[in-house]
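Each chain is listed here by its residues.
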Amino acid sequence: MEQLCGPELPFWEPNLTLHAEIPDLPQCFQLTVLAWTPCVYLWLVSPLYLFYLKRNSKGYIMMSVLNRVKTIFGLILWLVCWTDLFASFHEMQQGHVRPPVYFVTPLILGMTMLLATFLIQFERLRGVQSSGVLFIFWVLSVLCAIVPFRSKIIYAGREEGVSDKLRFTTFYAYFSVTVAELILSCFNEKPPLFSNVATDPVNNPCPESTAGFLSKLTFWWFTSMAIKGYRSPLESKDLWSLNKQDTSELVVPNLLGEWEGEKVKAQSVEPEMKGQAMYSKPAVESNHVGTSPEEVEVLLAGGKGVRQPSFLRALLKAFGPYFLIGSAFKLLQDLITFINPQLLRMLIEFTKETGMPSWWGFSLAFMMFGCAVLQTLILHQHFQYCFVTGMRLRSAIIGAIYRKSLVITNEAKRSSTVGEVVNLMSVDAQRFMDLTTFLNMLWSAPLQIILALYFLWQTLGPSVLAGVAVMVLLIPFNAVIAMKTKAYQVEQMQHKDMRIKLMNEILNGIKVLKLYAWEVSFREKVLQVRQKELAVLRKAAYLGSLSIMAWTSAPFLVALTTFAVYVSVDENNVLDAEKAFVSLSLFNILRFPLNMLPQVITSLVQANVSLKRIQTFLTHDELDPGNVDRKPVASDFAVTVVNGKFSWAKKDRPALHNINAMVPQGSLLAVVGHVGCGKSSLVSALLGEMENLEGEISVRGSVAYVPQQAWIQNATLRDNILFGKPYVEQKYRCVLNACALTPDLDVLPGGDQTEIGEKGINLSGGQRQRVSLARALYSEADIYLLDDPLSAVDAHVAKHIFDNVIGPEGALRGKTRILVTHGISFLPQVDNILVLVEGTVSEMGSYQDLLKQNGAFAEFLRNYSLEDIIEDDDVMEVLLDEEESFPDDALSNHTDMVDNEPAVNEARRQFMRQISVMSNDAENPKAMSVRRRRCSERRHGELVQEKKKVQVEKLIQAETAETGRVKFSVYWDYAKAVGPLLSLFICFLYAGQSAAAIGANIWLSQWTNDADDSARQENVHMRVGVYAALGISQGTMVMFSSFTLALGKIQAARKLHQGLLDNKFHTPQAFFDTTPIGRIINRFSKDIYVIDEALPSTVLMFLGTVFASLATMIVIISSTPIFSVVVGPLALIYFFVQVR
């Protein structure tokens, strides 16, 4: 530095800096270190920042006044810096040679200001509204300029005055403009022109996306929400919309993409395994794992195992980079944590020394405060990244599980029950979210422990090894606990799955259960499973109590053994205030990682169990989309099946075999056969929901499916029919008329705006079926698969639907229709009939051709003719409004004709003609039913006008949550569930534990006062003994309080679950009709999980924090009574902020 600054400007002067009453830094230090620090920062960060901006463009920001001013100020700073440089050259020409630092520093500063100006403009072009990089640069520049600012004022106040007026002027100009740049960098630019922020139509966007760097650092952007929550209880409508990057629209595909990549890698590794004689499937079936026994033998002979795709690796790739930013904040916070003990050491030394300048004490106190503030800012940034990562993880995992549940094979559905899928989405996904909050403790805790032990070694020497030995001994103890906890966790989740599956079955059949008064027996079944679950939970809670006791006592045991060994090994080792309090501050730092480590390990074990459960579920076989060829190839046949052989699972016997069928475009094919012959299975095969063992299926065009059991959404009638399609009024009215739904609109309270309950609870079976058919009709698909849609409706309605929708003159004429039916009255009107017998096609042809063959179809007619004649008899009754039915002799005549097939056919034709004539009789007012009514503008106008007056009452109310603060009655209910006496005893144990901790700290402070006592060696054993007794009593009380809390939580879990179960079994049926089953299932899965596991740990943390805070205040007030004056206002402010 002497070559750079010259001999006249020394780099460091201790007498000027450290030991002076008015300290100052040497001019060389100011011109080099202080001037270059912000420059070095900006030049180091700029390449990475420019690369980031190049890869991430948010749009283009128009040149604003703010941007212009910042750019002009940047250029002014460059001119000011280089004015000093040119002044140095001018002085050199005048013969007054300055040291090289007067040339180098202005040059570096000038180049840096040009770089900052370039970044201002480049950020504008890349859509950056607020720059964190430049904000930090301006902060560093101002902080480093404060010392020269003060120095120049001090020098100017002396008798000799200002010697270099030019540099004095340029510096203050530089300082003023730098401060102005810092102030301007606190403001945001306008949103980019072509960004989502400027064009997003969301009504209530989150301000975080447009917040500036300083606002994000201090979470100032959240202030408006906090104020709104203070003024009135927050509701869901008050919350901001999710940021785009946090929506399931992005996070779910992101995770699924990584998971698909893992599956592809796993499949590509299989052929490379030992032994090449491995079975390979066609590309269409690459996502199927099921193989025959012969194939398994080849696999076992050729390779030692199959590599499973890693769901953990997919999670890390999808969310790891974002989470690592939070990890970097955590690392920085951990390092800053250990600055305060060193500052405390210096502060204690300062109090001991005499004659030290007073500014030392103020500086140390200010630095301790600054470290605490910086630590808080960094820690909360870390938590923000962790919480957001956890939220994204949970959303992505739930989305992946939900999508998988829609495409798994029927064989996989046998092993993964509804209860398991519900628990995977509610409990297992939540565990990942809970884990991410403290996942960094896995590496942070060992790092903090190592650093704490290192600094303790610097303070107490090798005595620290005794404390290390205590921690090493605790590791195998906790390892055994973790292994047992994992086993219990697996067992508990199995019982939980069984319980949720049973509850799902109970809720789905609650009406039958109540009608037969089976509540008591099913309640006992649920409670038996719950008892097994609680037994496992109790064992896990006891193990957790031991683990908490061990790790809570660990800091004290480490301190005890360390202090005891330190004062025992050498008589000269004195436990003075500096060693004791610095060590205690390090032990307090050690306390958090040691307390958190068991909880993180427990959460990790639980998440590991959940990970395996989720991975097992996601690796289930999926329905192969290649089962059905849907390529848009021109063909005369809409549906073709060639040599089809299908089964519900690959290991099952085929349900359909030797299926050959070709359905021409626009034709109507009827599929008939006896019950159980495979008609619905054939429709499922055409949909691709069965395993294609042999043959080919091709379907040309879009498909609409009407199932045998109608699927109805919890939405309005109109929404059920539209199903996401745009509303076209004329088309909609025609669909209603065709499906005979117009008369129902008059009956429903809100017309087509009537809310339909879950599973169509407020519709009859026929109405549900007609809504399902109307949905298919409105979709305007190319191919319609109709699985016996007429079975649930009355006979006359069935005839209307066939005539107006399905039949040759119906709305679907010209469309390809495959109709599964038992109604033989419609068969003469279809184009072709396919007859199934025991899973194979027996016959196929027109009605007349099949009658002439006298085969399976004729047998089918003989079996169903009587039943169908009776149905047609009902048609006649409704159409003619007659009370009497056919005379007995007429009925017997028809019955007797069954044995004579030609006579039967002729009688049927004559009978159907009679019914047709009756239904079309113009003179009969009953015959002019709405079944034949076409779309009428008059009727439509009347309907709209009438329904506008109807106030639609919502059937299923939105789920509500309590707002405001939690009522005292809620806490009291939980305390009663735990047991009032037990709750008091738990509080007493926690109070005793805190009292023991206070006593240990007070005793230690008294121990340090023995440092000047000549008889301190005589008191060593007594001091160590009492300190140990207090610590052991604290550990014992921790263990007892944990065990007692575990007993209480099990008791509360049992009572609350039993109360919920009893309440639901005694709830009227109307509640289940108007409440979605998913909402009730959530109470028994997610909420019971909170009561079982999440709430007790929260109570534990609450009690620990409350009694620790009380203990701290008691100690401070006893040592500094004046502090009691501050406690009251602080408590009021805390109450005002937290509770209000």
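Refer to the structure above for everything that follows.
Attention in this report is confined to the structure presented alongside it. (Residues numbered from 1 in each chain as written. Predicted model: local features only at pLDDT ≥ 70, side-chain atom pairs only at ≥ 80, totals over all residues. Heavy atoms only, no water.)

Concerning the packing of helix α21 (residues 519-569) against helix α38 (residues 1077-1119)
Selection criterion: Fitted lines through C-alpha atoms serve as axes, helices being fitted only where they are in contact, and the angles separating the N-to-C directions of these axes extend from 0 to 180 degrees. Helix and strand assignments come from DSSP, with helices taken as H or I runs of at least 4 residues and strands as E runs of at least 2, each series counted from the N terminus. For classification, angles of less than 35 degrees are called roughly parallel, those exceeding 145 degrees roughly antiparallel, those between 65 and 115 degrees roughly perpendicular, and all remaining angles oblique. Crossing handedness is defined as follows: a turn of the near helix away from the far one that is anticlockwise and smaller than a right angle gives a left-handed crossing, while the clockwise case is right-handed. Residue contacts follow a heavy-atom distance rule, with two residues in contact if any of their heavy atoms lie within 4.5 Å.
Where α21 meets α38, the axes come as close as 12 Å, and the angle between the chain directions of the two elements is 20°. Here α21 lies roughly parallel to α38, going by the angle between them. Read as a crossing pair, α21 and α38 show a hand that is right-handed. Seen from α21, the contacting residues are R530, E533, L537 and I548; seen from α38, they are I1088, D1092, E1093 and L1100.

With respect to the nonpolar core
Burial of nonpolar side chains together is a common tendency in soluble globular proteins. We count it as follows: Side-chain atoms within 4.5 Å link the members of a nonpolar core, which is a set of buried Ala, Val, Leu, Ile, Met, Phe, Trp, Tyr and Cys residues. Relative accessibility under 20% of the residue-type maximum defines a buried residue, over 50% an exposed one, and the middle range a partly exposed one, all with a 1.4 Å probe and only protein chains included.
Core analysis: the largest hydrophobic core is formed by 51 residues, its most contacted members being I721, V805, I806, L827, I833 and F857. Within the second largest apolar cluster, 45 residues are counted, among which are I348, M471, W551 and L594.

Some words on the packing of aromatic side chains
Defined as follows: Here a pair means two rings of Phe, Tyr or Trp (six-membered ring of Trp) with centres within 6.5 Å. Their orientation is stacked below 30 degrees between planes, edge-to-face above 60, and tilted elsewhere. Lysine and arginine charges are scored as sitting over a ring when NZ or CZ, respectively, is within 6 Å of the ring centre and within 35 degrees of the ring normal.
Under the definition given, this model contains 32 aromatic pairs. Residues F383 and F387 carry aromatic rings whose centres are separated by 5.9 Å and whose planes lie at 15° to one another, so their mutual orientation is stacked. Residue F383 and its partner F387 are both found in helix α15 (residues 358-407); the two are separated by four residues, about one turn of the helix. Using a relative accessible area of 19% as the deciding quantity, one classes F383 as buried. An angle of 80° between the planes, with centres 6.0 Å apart, marks the rings of F383 and F438 as edge-to-face. In this pair, F383 is assigned in helix α15 and F438 in the loop between α17 (418-437) and α18 (441-460), connecting sequence segments 55 residues apart. One aromatic cluster is present, formed by F149, F168, F171, Y172, Y174 and F175 through successive ring pairs. The aromatic ring of Y732 is capped on one face by R718, whose charged end is 5.4 Å from the ring centroid.

Some thoughts on the pairing of strand β3 (residues 668-673)
Each regular strand displays side chains that alternate between the two surfaces of the sheet. Using the following cut-off: In this description, strands pair whenever DSSP reports at least two bridges between them.
By the criterion of burial, β3 is predominantly enclosed, with six of the six residues buried. Alignment of β3 against strand β7 (residues 816-820), held across four bridges, turns out to be parallel. Note on β7: the bridge partner recorded for L669 is I818. The pairing of β3 with strand β8 (residues 832-837) spans five bridges and is parallel. Residue A670 lies in a different strand from β8, and its bridge partner there is I833.

Re unusual backbone geometry
Working note: non-glycine residues mostly have negative phi, and peptide bonds are mostly trans. Even without a glycine there, the phi angle at A517 is positive, about 55°. If you trace the backbone, A517 turns up in the loop between α20 (510-515) and α21. Positive phi outside glycine occurs at E838, with the angle close to 50°. Examined against the element boundaries, E838 turns out to sit in the loop between β8 and β9 (840-845). Here E838 falls in the exposed class, since its relative accessible area comes to 70%.

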